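# Tertiary structure, described
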Amino acid sequence: MESPEAVEVVEPPVSEPTTPEVEELPILAVRDSILFPSALLPLSVGRPASVALVESLGENRLIGVIAQIDSRTDTPGPSELHETGTVAMIHKIVRMREGQLLFCEGVARMKVRSFTATEPFLRARVERLPEVEPEITPELTALRQNVLSEFAQIVSATPNLSDELATAASNITEIGRLAYFIAGTLPSLSHIERQSVLEQNDARTRLQFINQQLAREVELLELRQKIQSQVQGQLSQSQREFYLREQLKAIQKELGEGDDREQETEEFREKIEKAGMPDEVKEEALKELARFSRINPMSPEHTVSRTYLEWLMSLPWNISSGEAVNVQRAAEILEEDHYDLEKVKNRILDFLAVMQLKPKLKGPILCFVGPPGVGKTSLGRSIARSLGRKFQRISMGGMHDEAEIRGHRRTYIGSMPGQIMQALRRAGANDPVFVLDEVDKLGSDFRGDPASALLEVLDPEQNFTFRDNYLDVPFDLSRVLFITTANVLDTIPGALRDRMEIIELQGYTEQEKVMIAFRYLIPRQKTENGLAEKPLRFHDDAVRFMVRRYTREAGVRNLEREIGTVCRKVARKYAEGGEPMSEVTRAFVEESLGAPRFRPDSEVAERTRRPGVAVGLAWTPVGGDVLFIEAGRMPGGSKGLIMTGQLGSVMQESVQAALTWVRANATKYGIDPDVFKTSDIHVHVPAGAIPKDGPSAGVTMATALLSMLTEKCVREKLAMTGEITLTGQVLPIGGIKEKVLAAKRSGVTDIILPAENEVNVREDLKAEQIGDIRMHYVKTMDELVPIALGDGAAG
């Protein structure tokens, strides 16, 4: 019997019949399920009202089972149920974790006269419908036999129907009951069709309807069998054709007629002749071609040999894409694509000038080093455009298999050339511009070291005979212009770094970011967001507001992301039919991006209003940043010096050196020497979740300690950097440009630097980059202290 998907129950206890014909019963509404008289059916009860109905039943377990008109209704009312249903007797109730399972037997058909209650469950006055058996005639007997024959045919052809069903049906003598039995068993009958069988009062008409449905199902079965036999016939035909073709090939071979393999071999030979391969490579290719022609096409080696030959023929052995070098045009393209970066552009143009005079030049390997978003990869694309060469980018990030560079040997299944030869094939020329991106993020494990494999690729004295493991023939890479990019140099092996000319790309100032935004980022984002044709103009102060209050980066990647967000807000206004916008103001930027994320104008001043806080400058892989150093004192301690903030070993040593200098000079600055014996000193660097290391915060540590012990505040908006010695010497440090730019972004007005770094400021920073920042160059802490604490107010 078919089990319903869901069942709805109705309410209270069964009432006693009021008249012989009409009785009052609780009504159980069911979904997509019809209970026929004399049939057994399990019904799942899960809804609260239905459970309440079952719980209310006493010894009299008669209920009315009626199907819902719409099975999607969760709590059907009287108007949402069919009028005709079945009086059922509950034989067994099984309690389960989620609801109950009722085993019901249909007693008689019924018709609802009226509903007497809807809460807590449905109850109705119902009239049982009598079953009238028609007179047995020859016509009715023939109809019954036809129905039984068709039903038996369907049962035998349907795997999920038991063969016993046909026997059970043949044992039923009543016409009406036979119709109920088949209607409840036949899988193809829909819920509506079963309901119509239940509602039909005439048993003859009911059986005629079943006969029609059985005839339809038999026809569908015959059609399915016909389709299946056709498919099997097609498979047999395919196998027959395969054997015939093999016999035909054998006959052609005996007759000496040429076949497709010979034609394919000649095509390959012609392509090898036209490929322009060096003599050594051509000889190897022809040798492999001869072997290919002798291999049985059914052998796995046939595909391996064919793939190898296709790789050899598809490589650009003598195809060049480069135009004659024009330094003036290259300068215009670089200027068009990138703002500023004069130092980098000059080095590139120097290289191109030499290439113009000596076209066969074996070019140096350029390595662009800088924080994310400053234009390293796009510079390579611009160089390719200025040279008229093809451009290919290979990502080195996370690569940890030497075979990614050199390829796998042909003995391995699924082997193929390395990334270098694959990129050459894609470029279709032997002189493209290759950008090896993120070369500082190469990995290594038991499969080899890709950085070591790059040593040959990036050496002009070796790469003219580069051998890929898969191809195993020399290829000249000396005409390829290799450009690598990296965020840091520390992780690049020394031998690999030695083969590259390092060109550093530092971060941009606020003015440079604004110019880049107006020249490149805003037009690009307007185009990407469908605003290219709209008269939309960004205010200068709105862009500066985004740079200053929503981004803190060396490059412009986050700035472009914020501009894109603003453009999408404008596009939404157009799409919603609002007033068209022509200007993006500072107020609209804040409305679109939310509250500002950074407070560069006030953060430094606010943090240094109390003694014991000094501002340092730090270098990070993504540009410079400001670093707050806090010092505190706890009387009566016994731990001495406490250091927190995830400080690395070098930075911890800087704290020790700074404290030693302060203790040695305590008397000079009016500090009681006994305070170091009776107190614990605590040095903390905020942003404790971020590891920090390096010696450049030494002078900042000493200043913070001195400020705390003398109870004098450090000068407002002052930052400093430099390594300290035990004798108070201030030693030079690196990353000057990034640190100065970070200080400017944070609203710093005064910077203290080691005197020996003055030359770096003059070389690396322009006057507009320094702006109104005052530079103080010191050699010792004795020169630094009056600048840092001279104007500090007593705590």
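Here the structure is shown first, and the text comes after it.
Residues numbered from 1 in each chain as written. Predicted model: local features only at pLDDT ≥ 70, side-chain atom pairs only at ≥ 80, totals over all residues. Heavy atoms only, no water.

## Examining a nonpolar patch on the surface
A contiguous nonpolar surface patch, about 250 Å² in accessible area, is contributed by L223, I227 and V231. Of the residues examined, V231 reaches a relative accessible area of 41% and is grouped as partly exposed. (Patch = residues over 30% accessible without salt bridge, like charges linked within 9 Å, V, L, I, M, F, W, Y side chains within 5 Å. Areas by Shrake-Rupley, 256 points an atom, 1.4 Å probe, with all protein chains shown as cover. Salt bridge = Lys/Arg side-chain N within 4 Å of Asp/Glu carboxyl O. Buried < 20%, exposed > 50% of the residue type's maximum accessible area, 1.4 Å probe, protein only.)

## Remarks on the environment of S50
Relative to the elements of secondary structure, S50 occurs in helix α1 (residues 48-56). Accessibility expressed as a relative area gives 0% for S50, which makes it buried. Each C-alpha atom, one on S50 and one on G99, is 9.1 Å from the other, the two residues being 49 residues apart in sequence. (Helix = DSSP H or I, 4+ residues; strand = E, 2+ residues; numbered from the N terminus.)

## Re the sheet that holds strand β8 (residues 391-395)
The strand order β8-β9-β12-β7-β13 describes an open sheet built from five strands, whose pairing is parallel. Only two strands of the sheet have a single partner each, and these edge strands are β8 and β13 (500-504). Put simply, the sheet's adjacent strands are angled 25 degrees from each other on average, direction ignored. One ladder, built from five bridges, connects strand β7 (residues 365-369) with β13; its direction is parallel. Following the sheet pairing, C367 is matched in β13 by I502. Running over the sheet, helix α11 (residues 342-357) touches β7, β12 (481-486) and β13 and is turned about 145 degrees from β13. The sheet strands contacting helix α14 (residues 419-427) are β8, β9 (433-437) and β12, and the helix crosses β8 at an angle near 155 degrees. (Pairing = 2+ DSSP bridges. Axes fitted to C-alpha atoms, helices over the stretch in contact; angles between N-to-C directions. Contact = heavy atoms within 4.5 Å.)

## Quick notes on the packing of aromatic side chains
This model, assessed by the stated rule, comprises eight aromatic pairs. Taking 6.5 Å as the distance between ring centres and 75 degrees as the angle between the ring planes, the aromatic pair formed by F151 and F181 counts as edge-to-face. A residue pair is termed long-range when its members are at least 10 positions apart, and F151 in helix α2 (residues 138-157) and F181 in helix α4 (residues 175-185) qualify at 30 residues. Taken individually, F151 and F181 each receive the classification buried, so the pair is uniform in this respect. Arranged with centres 4.9 Å apart and planes meeting at 50 degrees, the rings of W317 and F475 form a pair that is tilted. Of this pair, W317 sits in the loop between α9 (300-314) and α10 (327-337) while F475 sits in strand β11 (residues 474-475), placing them 158 residues apart in sequence. Relative accessible area serves as the criterion here: at 10%, W317 is assigned to the buried category. If you follow R410 out to its NZ or CZ, it ends over the ring of Y308, 3.7 Å from the centre. (Phe/Tyr/Trp six-rings, centres within 6.5 Å; stacked < 30°, edge-to-face > 60°. Lys NZ or Arg CZ within 6 Å of the ring centre and 35° of its normal.)

## Structural notes on the nonpolar core
Counting residues in each nonpolar core, the largest one holds 53 residues, and the members touching the most others are F368, F538 and I563. In contact with F538, not counting residues within four places along its chain, are F518, I522, V543, M546, I563, V566, C567 and V584. (Core = buried A, V, L, I, M, F, W, Y, C linked by side-chain atoms within 4.5 Å.)

## Describing the side chain of K513
Of note, K513 is situated in helix α17 (residues 510-528). Despite its burial, K513 remains without a salt bridge, the nearest opposite charge being carried by E553 at 5.1 Å. With near-sequence residues (within four places) excluded, K513 lies in contact with Y508, V547, E553, A554, G555, V556, L559 and R745. (Lys, Arg positive; Asp, Glu negative; His and termini not counted.)

## Here's the deal with unusual backbone geometry
For the bond from E119 to P120, the omega torsion is -5 degrees, close enough to zero to count as cis. Here P120 is to be found in the loop between β5 (100-117) and β6 (123-129). The phi dihedral of D472 is positive, around 60 degrees, even though this residue is not glycine. Among the secondary structure elements, D472 is positioned in the loop between β10 (466-467) and β11. Here the phi dihedral of E711 falls at roughly 55 degrees; this positive angle occurs in a residue that is not glycine. Its relative accessible area of 43% is what places E711 among the partly exposed residues.

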